[in-house]
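# Summary of structural features
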Amino acid sequence: MNELARFLPTFLEGFNLSLPQNLVPVVAMFLCGSIVAAAMGLSAAVLVWAERKLAGHFQCRLGPVYVGGKFGWLQSIADGIKLFLKEDIIPTDADRPLFRLAPYLAVIGVLAAFVAFPISEHLLVADLNIGIFFILAVLTVEVFGVILAGWASNNKWSLLGAMRAAAQMVSSEIPMGLAILLPVMTAESLSLKTIVADQSGGILKWYVFQPPFFMAVAFLIFFVAGLASLKRSPFDLPEAESELTAGFHTEYSGMRFSFFFMAEYAGMLLVSGLAALLYLGGWHGILPGQSGVEWFLLKTSFLLFVMIWIRWTLPRLRIDQVVYVGWKVMTPFALVCVLGQAAAVHFRGG
Amino acid sequence: MSAERVAFYIISALILGGAVAVLFSRIVIRAVVYLLVSLFGVAALYILLRADFLAAVQVLVYIGGITVLMVFGVMLTGAGRLDAPPSGSWKAFYAGVSSLALLALLGIVVGRTTWPTGGILPEEGSTSILGELFLRQHVMAFEVASVLLLVVLVGVALFIRLGRRKVAV
Amino acid sequence: MSPVKTYFSDVFMGLWTAMVGMSITLKYLFSKPVTEMYPDVKPKTPTRYRGLHVFEEEKCIGCYVCAKACPVDCIEIGVVRKGKEIKITKFDIDYQKCMFCDLCCEPCPAHCIHMGPEFERASFTRSGTILQFATPKELSEDEKKIEKVARK
Ligand code: SF4
Ligand code: SF4
């Protein structure tokens, strides 16, 4: 089995469905899309449950316990059904078309990013040449959706949330991009598959543990900037329940709200997965020669755990603090790292 | 018609439709969204041309940067709706003349340029070729552009600083 | 401190304090949750818990001391007294008023009213919150005449 995008058309042809030749790629495209969407929805469901459960235990509570037996593992499904059944409210003074468009933009941005997201050597939709760059690019669409949602709601809280989202995104995108530059420089490729392949051969080959440790700093910057771009605590100012009701999605209910919700959790998965791929050796194990999808999942889930851990530990920053951290702390540090790693790559290359 | 051709026409229609809609939209934010459609179309055209890097840059810079900035600007200034343009005023006349002049200029340039066609599409992505060109052959132009941007950045920061000091005094 | 030093120490302290906080929450993660699974698992009330009253009707002498002691007058007692025979016809406590102060139990000469361990007595009606502790009794016409009901 190879890339999904290449495998599916041949797979479909094997069925002799008597489809017109031109339609096969289209059908394959739709199938790819639905597989990605389903995987994303499923992992979001698991994540929501894990988040609630862990949140409980971080606060000496139990978290969900009733739905689906002992550990409440069906909680997210119950939540999902609840969201489905909720009334879909659009405020009278909202900008209706934009109000409707915004959640789709948010979800599509993240969904599209998963196209270039490899899970293991053989499990990926498409190995794009510009993999990581593509992901960065389409992720911005999500932020646009958020900002649009805030504006279209015609609500002060939403607007404030959206403005914060915009300011936060602008200040987190740059250090994130710079931090990504380091693995890209080292592997001399933008393709995530190549970047991971360059880290094969045991834990010491992972980029975080590569002397002169510029990449360890870059990993930290990437993770923090990732949290900021995801609007996760401590950077959850665009939602800020205690100040802005629910921020940019104050006016959203039912399915439209759940789209934002799903985009956030899928985004978490994306950022953790990217951090694992770029810095933690992707699907390569601790010992040389070990590799497999389970390693990737292990690293990603650990990073997800850390994200949840941070969320239930740190209080929210102020917007000026976020912008300060983005522009005056992470960006200069990332720049120094880029220069340092460039020098390291140059001298290694001889 | 090949699938590529069909895609080209659909995308072109999107780009042009988006652009026209921008012109005729009275609500600024909607105009930005139409612009988004148009810019997305351009990115799709790049993909059709196998210029994947350029397409990603298009999305990152224009959609992630420019349109977000525009929305930000609209939100900060509260410019929700545009009034109907004054008809019959000198302003409209000047605007019309300058638009027509721009159209003529662009037309002349498009007409005079010989567009290279029928070249071979690069199979292996354009990133490395672009990098090579930027940092070897055209490194001078590239650096000048970077310095220009840097100057703009520092200049803006300076202006804001000076303005602030005046307010404080 | 020079601004440069402040900057770097701020960055370091930011990371360090985040780490300290996270180590604390990690400890909580592995500590025992304090949640009580209330309707499923009833909590064990402490021995001297002041819950709903427990009334021993056979010991009560109908002396109204408890009703007098009650600061909010929520005990209503009905007694039929015929010589030595005492019939408690009514012993209602209005839990809308009762504040579980234990003042009624202390002066009881017969030690027949106590604070009990139960606490689940929410009701959808006002009358539902008035608990009748005395067993209902058929009264003859004579008895009805000499029945004394008082709240004191
Ligand atoms: S506990 Fe206090 S308030 Fe309640 S019945 Fe006894 S004396 Fe009255
Ligand atoms: S004080 Fe004791 S004996 Fe007297 S009426 Fe009250 S419960 Fe009965």
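Notes on the structure in this doc start here. Quick caveat: nothing in here was measured; it's all calculated off a predicted structure. (Residues numbered from 1 in each chain as written. Chains lettered and ligands numbered in written order. Predicted model: local features only at pLDDT ≥ 70, side-chain atom pairs only at ≥ 80, totals over all residues. Heavy atoms only, no water.)

## Focus: the packing of helix α10 (residues 254–278) of chain A against helix α11 (residues 293–311) of chain A
All names here are of chain A. Where α10 contacts α11, the two axes come as close as 8 Å, and the packing angle between them is 125°. Classified by the interaxial angle, the pair formed by α10 and α11 is oblique. Where α10 crosses over α11, the two elements pack in a sense that is right-handed. Contacts from Glu264, Tyr265, Met268, Leu269, Val271, Ser272, Gly273, Ala275, Ala276 and Leu277 in α10 reach Phe296, Lys299, Thr300, Leu303, Leu304, Met307, Ile308 and Arg311 in α11. Residue composition of the contact of α10 with α11, by class: 12 nonpolar, three polar and three charged. (Axes fitted to C-alpha atoms, helices over the stretch in contact; angles between N-to-C directions. Helix = DSSP H or I, 4+ residues; strand = E, 2+ residues; numbered from the N terminus. Parallel < 35°, antiparallel > 145°, perpendicular 65-115°, else oblique. Left-handed = near helix turned anticlockwise from the far one by under 90°. Contact = heavy atoms within 4.5 Å. Nonpolar A, V, L, I, M, F, W, Y, C, P; charged D, E, K, R; others polar.)

## Concerning the interface of chain A and chain B
Contact residues are listed per partner, giving 26 residues for chain A and 25 residues for chain B. Both sides of the chain A and chain B interface together cover about 2,200 Å² of buried area, and 83% of this is carbon and sulfur. When the buried surface of chain A facing chain B is broken down by residue, A:Phe133, A:Phe144 and A:Trp151 rank first, second and third, together holding 27% of it. One can count zero residue pairs in polar contact (both at pLDDT 80 or more) joining chain A with chain B. Secondary-structure elements contributing two or more residues to the side of chain A that touches chain B are α4 (96–113), α5 (131–152) and α6 (156–187) of chain A. Sorting elements by how many residues they give to the side of chain A that touches chain B places α5(A) first, with 11 residues. (Buried area = accessible area lost by both parts, 1.4 Å probe. Polar contact = N/O pair within 3.5 Å; in protein donor to acceptor, adjacent residues only side chain to side chain.)

## Examining a nonpolar patch on the surface
Together, C:Phe12, C:Met13, C:Trp16, C:Met19, C:Val20, C:Ile24 and C:Tyr28 make up a nonpolar patch on the protein surface, roughly 710 Å² of accessible area in all. For C:Ile24, a relative accessible area of 40% translates into the label partly exposed. (Patch = residues over 30% accessible without salt bridge, like charges linked within 9 Å, V, L, I, M, F, W, Y side chains within 5 Å. Areas by Shrake-Rupley, 256 points an atom, 1.4 Å probe, with all protein chains shown as cover. Salt bridge = Lys/Arg side-chain N within 4 Å of Asp/Glu carboxyl O. Buried < 20%, exposed > 50% of the residue type's maximum accessible area, 1.4 Å probe, protein only.)

## Here's the deal with the sheet that holds strand β5 (residues 130–132) of chain C
Residues and elements named next belong to chain C. Overall, antiparallel pairing links the four strands, which are arranged β5-β3-β2-β6 in an open sheet. Two strands in the sheet have a free side with no partner beyond their single neighbour: β5 and β6 (148–150). The sheet shows a mean angle of 15° between the axes of neighbouring strands, direction not considered. Two strands pair when backbone bridges link them, and strand β3 (residues 85–94) and β5 are joined in this way by three bridges, in the antiparallel orientation. Looking at the pairing, Asp92 lines up with Gln132 of β5. (Pairing = 2+ DSSP bridges.)

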